[in-house]
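# Examining the three-dimensional arrangement
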Amino acid sequence: LWSFVQLAGAFLLPRVSHWDSPLSPLERSTCSERYFEQPLDHFAPKLPAGQARVFRQRYIVCRQDLLDHSYNAPILFYAGNEANVELYVNATGLMWEHAEELGAMLVFAEHRYFGKTTPFSRETVHRHMAHLSSEQALADYAALLHALRGTGTAR
């Protein structure tokens, strides 16, 4: 993640963007929707009886084939915000352009409690807002990236 932050300045160069045009069929064919099991609370794993201890976080991987190569391909990571993650796959032109240049894989992670990443039903979610925090969301992203790069359990 730090190397992406270090490179962020290079990503501010003006370029033609995917913002105004949909993904090409080739780009769409390299993407897949996946799910990764996350703990509801990264910092207090013991929850009261009856509460789910894990949930499924949705993420979209584009250019997944790069994980299968023997070299350590970069990952350009989009930390999802308060919306369905599919919206950002089509609206992040710089990531697509630089992924090609860098030989990088793209990962778009959905924020907990949004889109299809909902640990609780709509009827009960209001009782469980304590787990909706930036700390928990950042821990979700760190765990997902660790799994993608490390053990491969998110593959």
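Whatever comes next refers back to the structure up there.
Residues numbered from 1 in each chain as written. Predicted model: local features only at pLDDT ≥ 70, side-chain atom pairs only at ≥ 80, totals over all residues. Heavy atoms only, no water.

### Side note on the overall build of the protein
Looking only at helices and strands, one finds five helices and four strands in the protein. Along the protein, helices (α) and strands (β) appear in the sequence α-α-β-β-β-α-α-β-α when read from the amino end. By residue count, 42% of the 155 residues in the protein fall in the buried class. Put simply, of all contacts in the protein between residues at least 6 apart along the chain, 73% involve residues at least 24 apart. Of the roughly 8900 Å² that the protein leaves accessible, carbon and sulfur atoms contribute 59%. (Helix = DSSP H or I, 4+ residues; strand = E, 2+ residues; numbered from the N terminus. Buried < 20%, exposed > 50% of the residue type's maximum accessible area, 1.4 Å probe, protein only. Contact = heavy atoms within 4.5 Å. Areas by Shrake-Rupley, 256 points an atom, 1.4 Å probe, with all protein chains shown as cover.)

### Some remarks on the environment of Ala73
Along the chain, the position of Ala73 falls in the loop between β2 (54-62) and β3 (75-79). For the pair Ala73 and Leu102, spaced 29 residues apart in sequence, the C-alpha to C-alpha distance is 8.4 Å. If we ignore the near neighbours within four places in the chain, the residues touching Ala73 are Leu66, Gly103 and Arg149.

### Topic: the state of the cysteines
Counted according to the given criterion, the structure contains one disulfide. What pairs with Cys31 in a disulfide is Cys62, and their sulfur atoms sit 2.1 Å apart. An S-S torsion of about 105° defines the bridge between Cys31 and Cys62 as right-handed. In this pair, Cys31 is assigned in strand β1 (residues 31-39) and Cys62 in strand β2, connecting sequence segments 31 residues apart. On the accessibility criterion, Cys62 (0% relative accessible area) is buried. (Disulfide = S-S within 2.5 Å.)

### Describing the nonpolar core
Formed by 16 residues in total, the largest nonpolar core has its most connected members in Tyr59, Phe77, Val107 and Leu144. Contributions of two or more residues to this core are made by β2, β3, β4 (105-109) and α5 (134-149). Of all the elements, α5 adds the most residues to this core, at six residues. Counting 14 residues, the second-largest nonpolar core is a separate cluster that includes Leu76, Trp96, Ala104 and Phe108. (Core = buried A, V, L, I, M, F, W, Y, C linked by side-chain atoms within 4.5 Å.)

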